[in-house]
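For reference, the chains in residue letters:
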Amino acid sequence: MSLFSTPLSEQIRIVFFGLRNAGKSSLMNNIFENNISIVSDLPGTTTDPVTKSMELGKLGPVAFTDTAGLDDVGEIGKLRISKSLEFLKIADIAVLVTKADVPLSEIEKKFIEEINFSRKPLIVALTFYDKELNKDKLEWAKNYKTVKIDNLKKSGIKELKNELINLYDLLEF
């Protein structure tokens, strides 16, 4: 099936999760080589999930979704987090986008537990790889399929796509 003949409901769903300003929207834009999501230094810029489809190797038609930060604040923030977590139910592959220069947060640890419980494939995208790296986070990341991302230099994008394609045999169709 082609991208144009495959309904969204039948496309493989790849969802980006992470804290605010972890680089999810920049990663989305770099994957599509276009400004799909709004990027800002202001935490909480992504308010609603943004979904865009493409063909990705033997995976065929896939839909990427950029979600709001799992650490959003306030009453509206709680709604954004809830909406983001709804996408865990429909995700075929989860991508935890996390800054490589800071320790793993409690929110991220709890999310990892949810992913492990759901038994969904997970890729960790270590962003901000141009900064001074956090050794504990790098050690933790060794337990997962991990890709090093520098959104400014647009490095690691091809590697992420390849890791996603490599999950083909783990997916149930």
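Higher on the page you've got the structure.
Since this is a predicted model, take the numbers as computed values, not measurements.

About the cut-offs
Residues numbered from 1 in each chain as written. Predicted model: local features only at pLDDT ≥ 70, side-chain atom pairs only at ≥ 80, totals over all residues. Heavy atoms only, no water. Helix = DSSP H or I, 4+ residues; strand = E, 2+ residues; numbered from the N terminus. Buried < 20%, exposed > 50% of the residue type's maximum accessible area, 1.4 Å probe, protein only. Pairing = 2+ DSSP bridges. Right-handed = clockwise from strand over helix to strand, strands pointing away. Contact = heavy atoms within 4.5 Å. Core = buried A, V, L, I, M, F, W, Y, C linked by side-chain atoms within 4.5 Å. Salt bridge = Lys/Arg side-chain N within 4 Å of Asp/Glu carboxyl O.

A.B. asks: Could you clarify how one ought to interpret the environment of Glu33 in this entry?
C.D. replies: Assignment of secondary structure puts Glu33 in the loop between helix 1 (24-32) and strand 2 (50-55). Classification of Glu33 by relative accessible area gives exposed; the value is 71%. Taking the C-alpha atoms as reference points, Glu33 and Lys154, 121 residues apart in sequence, are found 9.4 Å from one another.

A.B. asks: Hey, could you run me through the pairing of strand 4 (residues 93-99) in this one?
C.D. replies: Side chains on a regular strand alternate between the two faces of the sheet. Counting buried residues in strand 4 gives six out of seven residues, a clear majority hidden from the surface. Relative to strand 4, strand 1 (residues 12-18) runs parallel, the two sharing five bridges. Residue pairing for strand 4: Phe17 is matched across the bridge by Leu96. Relative to strand 5 (residues 122-127), strand 4 runs parallel, the two being bridged by six bridges. Looking across to strand 5, one finds that Ala94 is bridged to Leu122. Remark: the strand 4/helix 3 (residues 106-118)/strand 5 crossover connection has right-handed handedness.

A.B. asks: I tried to follow the side chain of Asp72 on my own but got confused; where do I start?
C.D. replies: On the secondary structure map, Asp72 appears in the loop between strand 3 (61-66) and helix 2 (74-90). Other than its neighbours up to four places away in sequence, Asp72 contacts Arg20, Gly77, Arg80 and Ile81.

A.B. asks: How should the nonpolar core be read in this particular structure?
C.D. replies: Note that soluble globular proteins tend to have their nonpolar side chains buried in a common cluster. One finds Ile14, Leu27, Ile31, Phe64 and Leu164 to be the most contacted residues of the largest nonpolar core, which totals 26 residues. Breaking this core down by element, the ones donating at least two residues are strand 1, helix 1, strand 3, strand 4, strand 5 and helix 5 (157-166). Discounting chain neighbours no more than four positions away, the residues touching Ile31 are Phe16, Met54, Phe64, Ile157, Leu160 and Lys161.

A.B. asks: When you look at the environment of Leu138 in this model, what are you seeing that I'm missing?
C.D. replies: Note on placement: Leu138 falls in helix 4 (residues 135-141). Here Leu138 falls in the partly exposed class, since its relative accessible area comes to 24%. Ignoring sequence-local partners within four residues, the contact set of Leu138 consists of Leu126, Tyr129 and Leu133.

A.B. asks: Just checking my understanding: could you explain the pattern of salt bridges for this structure?
C.D. replies: Pairing of side chains with opposite charge becomes possible as their charged atoms draw close. This structure, assessed with the given rule, holds seven salt bridges. The salt bridge involving Arg80 is made with Asp72; its shortest N-O contact spans 3.2 Å. Accessibility classification places Arg80 together with Asp72 in one group, the buried group. Among the salt bridges present, the one from Glu106 reaches Lys109, with a minimum N-O distance of 3.2 Å. Here Glu106 pairs with Lys109, and both are found in helix 3, just three residues apart, close to one helical turn. Since its relative accessible area comes to 37%, Lys109 is described here as partly exposed.

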